[in-house]
Amino acid sequence: MNVARFVIAASFEAMLLAACPSAASAADAGPARETVAVMKTTQGPVTLRFFPDKAPEHVKNFLSHAKSGLYKKTFFHRVMKDFMIQGGDPNTKDDDPDNDGQGGHSYKGKSSTLKSEFNDTPHLRGVLSMAREEGPDTAGSQFFIMVKDNSGLDGKYTVFGRVIKGMDAVDKIVEQPGEPIPGAGGVNPKEHQYIEDITVEEWTVDDVYISEAREFGSANCLRQPMAVLETSQGEIGLTFFGDKAPEHVRNFLQHCRSGYYSGTCFHRVAPDSLVQGGDPNTKNQDPADDGKGGHSWKGKDTFLKDEFSDQKHVRGVVTMARGEGPDSAGSQFLILLADKPELDGKSSAFGRVIFGIEAAEAISRQPGDELPASGGIRPKSMPAISGTRVEYLTPKKMEGAAYEAEKRRAIEALKQQKGKQLVAVLETTQGKIYIRFYPDKAPVHVYNFMEHIKSGLYEGTYFHRVMKDFMIQGGDPNTKDEDPANDGQGGFSYKGKGTYLKAEFNDIDHARGVLSTARSESPDSAGSQFFIMVKDNSGLNWKYTAFGRVISGMQVVDKIVSQPGTDIPGAGGVNPKVKQLIKKASIEVWADSKVSQYERKRE
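Below you will find a few notes about this structure. Throughout this document, residue positions are counted from 1 along each chain, in the order its sequence is written. For a predicted model such as this one, the threshold for reporting local features is a pLDDT of at least 70, and the threshold for listing and counting side-chain atom pairs is 80 or more; totals across whole chains, interfaces and linings nevertheless cover every residue. Hydrogens are left out, water is left out, and the side-chain values use all remaining heavy atoms of the structure.

Section: the overall build of the chain
The helix and strand labels rest on DSSP assignments: H or I over at least four residues marks a helix, E over at least two residues marks a strand, and numbering proceeds from the N terminus. Helices and strands together make up the secondary structure of the chain, namely nine helices and 31 strands. Relative accessibility under 20% of the residue-type maximum defines a buried residue, over 50% an exposed one, and the middle range a partly exposed one, all with a 1.4 Å probe and only protein chains included. In the chain, buried positions account for 55% of the 603 residues. The charged-residue count follows a simple rule in which Lys and Arg add positive charge and Asp and Glu add negative charge, with His and chain termini not counted at all. Where a charge lies is defined by one atom per residue type, namely NZ (Lys), CZ (Arg), CG (Asp) and CD (Glu). Taking the average place of the 76 positive charges on the side chains of the chain and the average place of its 81 negative ones, the gap between the two points comes to 5 Å.

Considerations on helix α4 (residues 246–258)
A rise of 1.5 Å per residue sets the reference length of α4, with its 13 residues, at 18 Å; its end C-alpha atoms lie 18 Å apart and thus fit the reference within 8%. Taken across its 13 residues, α4 has twelve buried, putting it largely inside the fold. Turning to α4, its buried residues number three or more, namely P246, H248, V249, R250, N251, F252, L253, Q254, H255, C256, R257 and S258. Two residues or fewer past α4, G259 is found with a positive phi of approximately 85 degrees. Each helix should span, by expectation, one fewer than its residue count multiplied by 1.5 Å.

Side note on a negative patch on the surface
Here the term patch refers to residues with relative accessible area over 30% and no salt bridge, with like charges joined within 9 Å and nonpolar side chains (Val, Leu, Ile, Met, Phe, Trp, Tyr) within 5 Å. Here the accessible surface of atoms and residues is derived via Shrake-Rupley with a 1.4 Å probe, and residues count as covered only by protein chains that are part of the display. The rule for a salt bridge is simple: a side-chain nitrogen of Lys or Arg has to be within 4 Å of a carboxyl oxygen of Asp or Glu. On the surface, a cluster of negative charge is made up of D94, D95, D96 and D98. You can see D98 is positioned in the loop between β5 (84–87) and β6 (127–130). The class for D98 is exposed, based on a relative accessible area of 63%.

Some thoughts on the layout of surface pockets
Here the term cavity refers to a set of points on a 1 Å grid, laid over the protein atoms alone, in which a 1.4 Å probe fits but cannot get out; the term pocket refers to an open set having protein on both sides within 12 Å along at least five of seven lines, with lining residues being those that place an atom within 4 Å of a point. Grid points are joined across faces, edges and corners, and a volume is the space filled by probe spheres set on the points. In this structure, the largest pocket spans a volume of roughly 1,000 Å³. Along the walls of the largest pocket sit 34 residues, with R352, V353, I354, K495 and T499 positioned nearest its centre. Mapped onto the lining of the largest pocket, the elements with two or more residues apiece are β13 (234–240), β18 (349–355) and α6 (395–414). When residues in the lining of the largest pocket are grouped by element, the largest group, six residues, is from α6. Tallied by class, residues from the lining of the largest pocket come to 17 nonpolar, eight polar and nine charged. The volume enclosed by the second largest pocket comes to roughly 670 Å³. Taken together, 30 residues form the lining of the second largest pocket, with H464, R465, Q473, G488 and Q529 sitting closest to its centre. Classification used: nonpolar for Ala, Val, Leu, Ile, Met, Phe, Trp, Tyr, Cys and Pro, charged for Asp, Glu, Lys and Arg, polar for all others including Gly.

Brief notes about the pattern of salt bridges
In the structure shown here, the tally under the stated rule is 27 salt bridges. With a shortest N-O distance of 2.8 Å, D171 and R125 are connected by a salt bridge. Of this pair, D171 sits in helix α2 (residues 167–174) while R125 sits in the loop between β5 and β6, placing them 46 residues apart in sequence. The partner of E599 in a salt bridge is R436, and the shortest N-O contact between them spans 3.2 Å. Taken together, the residues span a long stretch of sequence, with E599 in helix α9 (residues 592–601) and R436 in strand β23 (residues 431–437) at a distance of 163 residues. Shared partners join several salt bridges into a network, and the residues in it are E230, E235, R389, E391 and R408.

A word on unusual backbone geometry
Phi is positive for D82, close to 60 degrees, though the residue is something other than glycine. Note that D82 resides in the loop between β4 (78–80) and β5. On the basis of relative accessible area, D82 is assigned to the exposed category, the value being 52%. For D301, which is not a glycine, the phi torsion comes out positive at approximately 65 degrees. The residue D301 is located in the loop between β15 (274–277) and β16 (317–320) in this model. With a relative accessible area of 56%, D301 lands in the exposed category.

Quick look at the packing of aromatic side chains
Planes of paired rings set the category: under 30 degrees apart is stacked, over 60 is edge-to-face and the rest tilted, where pairs are Phe, Tyr or Trp rings (Trp by its six-membered ring) whose centres lie within 6.5 Å. By the definition in use, this model includes 30 aromatic pairs. Between F62 and F160 the ring centres are 5.8 Å apart and the planes differ by 50 degrees, which places this aromatic pair in the tilted class. One end of the pair, F62, is in helix α1 (residues 56–68); the other, F160, is in strand β8 (residues 159–165), and 98 residues separate them in sequence. Comparing F62 with F160 shows no difference in burial state: the two are buried. One aromatic cluster is present, formed by F240, F252, Y260, Y261, F266, F333 and F350 through successive ring pairs. The ring centre of F216 lies 3.7 Å from the NZ or CZ of R162, which sits over that ring. Only when the NZ atom of a Lys or the CZ atom of an Arg is both within 6 Å of the ring centre and within 35 degrees of the ring normal do we say a charge sits over the ring. Over the ring of W590 we find K594; its NZ or CZ atom is 4.2 Å from the centre of that ring.

Overview of the packing of helix α3 (residues 205–216) against α4
The contact between α3 and α4 brings their axes to 11 Å, and the two run at 150 degrees. Between α3 and α4, the crossing angle belongs to the class labelled roughly antiparallel. You can see that α3 and α4 cross each other, and the crossing is right-handed. Across from V205, D206, D207, Y209, I210 and R214 in α3, the residues of α4 making contact are P246, V249, R250, L253 and R257. Among the residues making up the contact of α3 with α4, the classes are represented as six nonpolar, no polar and five charged. Working convention: axes come from line fits to C-alpha atoms, limited for helices to the stretch in contact. Angles between N-to-C directions cover 0 to 180 degrees. Between 65 and 115 degrees an angle is taken as roughly perpendicular, under 35 as roughly parallel, over 145 as roughly antiparallel, and anywhere else as oblique. It is the rotation of the near helix from the far one that decides the hand of a crossing: anticlockwise by less than a right angle makes it left-handed, clockwise makes it right-handed. In what follows, a contact means two residues having at least one pair of non-hydrogen atoms within 4.5 Å.

Side note on the environment of S232
Structurally, S232 can be placed in the loop between β12 (224–231) and β13. For the pair S232 and G375, spaced 143 residues apart in sequence, the C-alpha separation works out to 23 Å.

Remarks on the side chain of Q529
In this structure, Q529 sits in the loop between β26 (514–517) and β27 (530–533). Its relative accessible area of 8% is what places Q529 among the buried residues. Polar contacts involving the side chain of Q529 include one to the main-chain carbonyl oxygen of G490, which spans 2.8 Å. Ignoring anything within four residues of it in the chain, the contact list for Q529 reads H464, Q473, G474, G475, D476, G488, Q489, G490, T517 and A518. As used in this structure description, the phrase polar contact means that two N or O atoms lie within 3.5 Å; if the pair is within protein, one of them must be able to donate a hydrogen and the other to accept it, and residues adjacent in sequence are counted only when both atoms belong to side chains.

Structural notes on the environment of F75
With respect to the helices and strands, the residue F75 is situated in strand β3 (residues 74–75). When its relative accessible area of 2% is taken as the criterion, F75 is described as buried. In this structure, the C-alpha to C-alpha distance between F75 and K93, residues 18 residues apart in sequence, is 7.8 Å. Those residues within four positions of F75 in sequence are excluded, and the remaining contacts are G87, T92, D100, N188, H192, Q193, Y194 and I195.

Some thoughts on the nonpolar core
Within the largest apolar cluster, 38 residues are counted, with the highest numbers of intra-cluster contacts made by I433, I435, F437, F449, I472, L515 and F530. In terms of residue count, the dominant contributor to this core is helix α7 (residues 443–455) (six residues). Nonpolar core, defined: a set of buried Ala, Val, Leu, Ile, Met, Phe, Trp, Tyr and Cys residues in which side-chain atoms within 4.5 Å join the residues together. In this structure, L238, Y260, V275 and I335 belong to the second largest nonpolar core, which totals 34 residues.

Have a look at this one:
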């Protein structure tokens, strides 16, 4: 059977307070375990993780062959530079090179094959996928490991695992010179690149993640941990830098799992700057002990070795509090609400907030008593962490979880009394524009717009791009400066600089008067910029997030769009010569009947 015809084309340093030993953690709730395979090759060991939730039969097949010895003493019979290495054919054990790549069967027995389990895991560097014949359900024992990303294979071959350690060995194998393989592409290495043996082991999910993070970088892991802190101000979701501070990540995750943080309080805050928590001493209601407790996950009197890195201490980053001396971090941590470059290279940054930054900000604003020795404030009514949880998610599910948390918070924040709704008023150079919203269609985009109005971000900006018979565009804080060259290049979401919104495409038609969010090429790149339609254009439907509509003031919009100006190269439209300012932006609460009345009068 020809299985291998895989033919495919204050000094914040001082604020890192003491982390002295104190109360013991709750009963250890250790991380789950995961099966990995260590492949001993001619060029060194290659460790593989698996995705039984995506391709259970293919994982079972590979592990069965590994345990039975089928792969032992086979070699990688086909390598393609900048593409992949292929192995797993038992025919390579004989001395006949002509049948290399033509053998193999599934774990079910000779002449058996596997039904495809195509899934949404992309063919990225290091991914383990199944070789097959032209038909989809023809995989046997042969597999390939990607050397370079190739999205052209997605949905056509079954991904069932990934290298988490040993890509250096894979890179050496793919570079081997050899004989070209007619009809298939690639070469059969002259010097056989053997799989000497495969051992199957059980690793903790944290060890698997950290290994993959070190190999490819945290952001490129196919499974990532998300920790959620359930606080009195709302949930705070965190993701981690397993490649930057692996032991600090392991420490935090284990404290979350064990319940160590549950019942602790944020004992020190600086308004819109940072919050500090994680001290078990805060459970005993004695303020004299606050900030003096905590130890590492390894037990009493244990601390962590510093893991300083090139990670910048910017808004949203979670970093470790420690004592004055090196290697003294235990359980206490800081969530930064503003950039703190003074901590770079002096504190171990190990994660960042992916949702709930508003909860941390609310905690930071709690009134209290000043802490002269360390800076900051001890809240009078200290916000608590009521519980914690840890999940391992794919990047797609991580984004989904973050969005769902944002959505819940936005819906809660936008709630109005029955018969009432929010209306935005933009006072412009040409007059007032009144806008109603659709929080049922795009709650996060509505919340984002509202928060920018409340913060004053839109006041003093101007409509930097107008297109006759199309739309007017504004909301860029860059327009407040005197440099027209950067107009249209700025803006960010309500979460802070460098943050954007997940698209909320919906069935609102991009008709005249509709308010929608501007973005770059990526659908999830909206920040503060918005546009108002001057003429119907259904071509924008399901490509941009519509979230409101003008109910009064379209004559103002028409005056703005008619302004002469300077052509904008590459973007279309003009930048008005006379600035069309948003002088003031505010939110009003209207009765439903009043909104309906204005809509009936709408131009």
